[in-house]
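Residue strings, one per chain:
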Amino acid sequence: MTVQIRKGTLEDIEAIQDIAVKSWHDTYEDIIPRAVQDRFLDMFYNLETLKTRVGATPFAVLEQDARVIGFANFIELEKRKSELAAFYLLPGVKNKGYGTMLLDEGIKLFALPLPLFVNVEQENTNAIAFYKARGFVDWDKFEEDFYGHKLETVRLQLIQHVEEEV
């Protein structure tokens, strides 16, 4: 089984779209109503929007045997600050170490400046535990209106990449 992480290209947008939809429906099934999820996905993961995003911002894709099974989208907020805007794996490949590989390699692949921020829905406890186990710490907490649905969002930051500590 060959696994690799590389820069995303326009050829990856259909796989990225598929992973986003499957991951959102799996992760947020009991947290965010399906209609709200679908409005978000239709807005930010339609093929035209993805073409623009992949062309304008760094995407790292995780491939297993030449099939894209995960992706991460990074944004440079300002000089020496960045954000993990999207980070998704297909549901069947979670808890196998691929998320850690994707995060670590994505940071290196794009030479991302730290701190690196990420927003996570408070009830997505698996994601919060994942990020905290990789060195992220609490930064902020806020309530937001997400397409008419109230979300409690936790903003985490990574100040030092774990591999840099060695």
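It should be emphasised that the depicted structure is a prediction, and the values quoted were computed from it without experimental measurement. (Residues numbered from 1 in each chain as written. Predicted model: local features only at pLDDT ≥ 70, side-chain atom pairs only at ≥ 80, totals over all residues. Heavy atoms only, no water.)

A. Region of the structure containing the UniProt feature "domain: N-acetyltransferase" (unreviewed entry) in the chain. On the UniProt side, "domain: N-acetyltransferase" (unreviewed entry) is annotated at positions that read residues 3-157 here. Between the C-alpha atoms that bound residues 3-157 the distance is 27 Å, and the span itself is 37% helix and 37% strand. (UniProt positions renumbered as here; feature names shortened; annotations may be inferred. Helix = DSSP H or I, 4+ residues; strand = E, 2+ residues; numbered from the N terminus.)

B. Highlighting the pattern of salt bridges. Considering all chains together, one arrives at eleven salt bridges under this definition. Residues Glu-29 and Arg-34 are paired through a salt bridge, measuring 2.8 Å at the closest nitrogen-oxygen approach. By relative accessible area, which is 41% here, Glu-29 ends up partly exposed. Three or more residues are tied together by salt bridges with common partners; here these are Arg-6, Asp-12 and Glu-63. (Salt bridge = Lys/Arg side-chain N within 4 Å of Asp/Glu carboxyl O. Buried < 20%, exposed > 50% of the residue type's maximum accessible area, 1.4 Å probe, protein only.)

C. Representation of the packing of helix α1 (residues 13-27) against helix α3 (residues 47-56). Between α1 and α3, the shortest axis-to-axis distance is 10 Å and the interhelical angle comes to 115 degrees. One finds that α1 runs roughly perpendicular with respect to α3. Crossing geometry of α1 relative to α3 is assigned as right-handed. Listed contacts from α3 to Ile-13, Glu-14, Ile-16 and Gln-17 of α1 are Leu-47, Leu-50, Lys-51 and Val-54. Broken down by class, the residue content of the contact of α1 with α3 amounts to five nonpolar, one polar and two charged. (Axes fitted to C-alpha atoms, helices over the stretch in contact; angles between N-to-C directions. Parallel < 35°, antiparallel > 145°, perpendicular 65-115°, else oblique. Left-handed = near helix turned anticlockwise from the far one by under 90°. Contact = heavy atoms within 4.5 Å. Nonpolar A, V, L, I, M, F, W, Y, C, P; charged D, E, K, R; others polar.)

D. Structural detail: helix α2 (residues 34-44). Buried within α2 are the following residues: Val-36, Gln-37, Phe-40 and Leu-41. The arc that holds every buried residue of α2, seen down its axis, measures 130 degrees, which confines them to one face. Its buried side turned inward, α2 meets α1, β6 (137-146) and β7 (149-158). (Arc of directions from axis to C-beta.)

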